[in-house]
Structures are given as C-alpha cells and as structure tokens.
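Each chain, written out:
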Amino acid sequence: EVQVLESGGGLVQPGGSLRLSCAASGFTFSNYAMSWVRQAPGKGLEWVSVISGSGGSRYYADSVKGRFTISRDDSKNMVYLQMNSLRAEDTAVYYCIKKSDSGWQYNWFDPWGQGTLVTVSS
Amino acid sequence: DVQMTQSPSSLSASIGDRVTITCRASQNIYRYLNWYQQKPGKAPTLLIYEASTLQSGVPSTFSGSGSGTEFTLTISSLQPGDLATYYCQQSYNIPTTFGGGTKVEIK
C-alpha cells in the first residue's frame, strides 16, 4: 500500500524554525516527485513546495520562498520541509503528498498524508 | 499565476439529487485539472485527474468533464457519504493552484 506519513509539527514562536519530515512507503520513492500543501484552520488548500523525482528541481510558493527549503533523501524514502522565520500566517496543517510521476507539472496529488499541524504563536 | 474559481462555494442537496460543481481557470489549462474530496477532519483524496479520468476506487456516481477554462464535477446521485468539501486543482503551471472549495451538505 502506498503511504506517506508526516511528523514534526508543533507549536513554535514567531521567527522560529521547524523541520517537517515525511516517510514514504509502498512505491519506488526516487521515481516520484513529492510535494507539500498546507491548509490554514477553516481555510482552503495552498500549495507550498515541490521537489522532482531526481531532486534536481525544486519550486516554492511566493509566500514561503526564501524561508522554506524542501529536500529529499532517496536512501531513506524521506522528504523534508525546513521552515525558518516562521510567521503567524504559516499556521496550518501541512500535508505531504506523492505526485503521480517524477515531474512538477501535468500530474496530480495522490495519496495525501494525514497532515501535521504547525502552530506559530507566542 | 492561474486563478481557479469554483462555484458555488456551498450547496445543500437531498439524497439522490444530481449535483454539479463548476471550476473556471483564468487561462487555458487544456485538461490539466484534478478534483479532490475532503471529508470533515480528514485529508483530501483524489477523485478525478486530467479532467475526466476517475481514480481507482471512486464510485461511478462521480464524473468530470471540460477542457480549456471551464470544468465540471458531477455527482449523479448524491449519497450520505458525499458530505465533503470538493476542490479543483490545475497542474498546467507552477504554482499549481486550487479552487476555493465547494462545501456539499445534505438536506
């Protein structure tokens, strides 16, 4: 069964840092792009970042560019989201998602992890 | 960025009703349009990809159509388990963008 499982969420003060992890299983991890999407409480879905199957391409939403870094370790079937300079508006459930192929476009998200809550507050 | 506009933002329908949700893109996205279902308190799941292809395991009461800038998600006969918020998403361009969601309630 294809699965992705996030961890690392929690409460952090504004300006602080947090690293989210995502463990993948049930598929050949290196062949697929991975992405993060977030959802603020009571709000819709906002794409955050994507890393290609090779790890050679990474893209970010303007709202997180320069503050967040996506990475992957194909030897461990893991993807990470390093979040720095966190703001109150970064408060959200963060979902790790497998893309349907190795690229960053012309594909879809499936499956989604269960999400991990990040709360930025003093 | 490609703007995705869903309508309506919410609707209430009876069991067995036909429900249609519309998603409009601000530019031509060909058929690079996906639909997701998010049940209360759960992560989204994929319903339809590339505008009209039903994801494995999704009931045949769901269908998608459209191309270019206008797309529809149809539930042919609403069931109690369809209570959810539905999102469209374009994968034609970076950043990928989602519609604002349509909350479906059961009368």
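Residues numbered from 1 in each chain as written. Chains lettered and ligands numbered in written order. Predicted model: local features only at pLDDT ≥ 70, side-chain atom pairs only at ≥ 80, totals over all residues. Heavy atoms only, no water.

(A) The overall build of chain B, seen in detail. Scanning chain B from terminus to terminus reveals zero helices and eleven strands. Against the compact-globule benchmark of 13 Å for 107 residues, chain B has a radius of gyration of 13 Å, which places it among compact chains. Judged by the C-alpha coordinates and their principal axes, chain B covers about 35 × 25 × 25 Å. Here chain B holds 107 residues, and the buried ones make up 49% of them. Between the mean site of the 7 positive side-chain charges and the mean site of the 6 negative ones, chain B shows a separation of 5 Å. (Helix = DSSP H or I, 4+ residues; strand = E, 2+ residues; numbered from the N terminus. Rg over C-alpha atoms; globule rule 2.2 N^0.38 Å. Buried < 20%, exposed > 50% of the residue type's maximum accessible area, 1.4 Å probe, protein only. Lys, Arg positive; Asp, Glu negative; His and termini not counted. Charge placed at Lys NZ, Arg CZ, Asp CG, Glu CD.)

(B) Structural detail: the sheet that holds strand E7 (residues 68-73) of chain A. Residue and element names in this part refer to chain A. Taken in spatial order, the four strands line up as E1-E3-E8-E7 in an open sheet, and their pairing is antiparallel. Strand pairing shows two members of the sheet lacking a second neighbour, strand E1 (3-7) and E7, which therefore form its edges. Going from strand to strand, the sheet's axes swing by 15° on average, the running direction of each strand aside. Note: E1 against strand E3 (residues 18-25), five bridges, orientation antiparallel. Pairing of Gln3 across the sheet is with Ser25, part of E3. (Pairing = 2+ DSSP bridges. Axes fitted to C-alpha atoms, helices over the stretch in contact; angles between N-to-C directions.)

(C) View of the state of the cysteines. Applying the stated criterion across every chain, the model contains two disulfides over all chains. The residue that forms a disulfide with A:Cys22 is A:Cys96, at a sulfur-sulfur distance of 2.0 Å. Judged by the sign of its S-S torsion, about -75°, the bond between A:Cys22 and A:Cys96 is left-handed. Taken as a pair, A:Cys22 in strand E3 and A:Cys96 in strand E9 (residues 92-99) lie far apart in primary sequence, 74 residues in all. Residue class for A:Cys22 comes out buried when judged on its relative accessible area of 0%. The side chain of B:Cys23 participates in a disulfide bridge whose partner is B:Cys88; the two sulfur atoms lie 2.0 Å from each other. One quick way to see it: the torsion about the S-S bond of B:Cys23 and B:Cys88 is about 70°, and its sign makes the bridge right-handed. Within this pair, whereas B:Cys23 is found in strand E3 (residues 19-25), its partner B:Cys88 is found in strand E9 (residues 84-90), the two being separated by 65 residues in sequence. Both residues of the pair, B:Cys23 and B:Cys88, belong to the buried class. (Disulfide = S-S within 2.5 Å.)

(D) Main features of unusual backbone geometry. The linkage connecting B:Ser7 with the following residue, B:Pro8, adopts the cis geometry, with an omega of -5°. Along the chain, the position of B:Pro8 falls in the loop between strand E1 (4-7) and strand E2 (10-13). Across the junction of B:Ile94 and B:Pro95, the peptide omega takes the value 0°, indicating a cis bond. Structurally, B:Pro95 can be placed in the loop between E9 and strand E10 (97-98). We note that A:Asn77 has phi near 55°; this positive angle belongs to a residue other than glycine. As for its placement among the helices and strands, A:Asn77 is situated in the loop between E7 and strand E8 (78-83).

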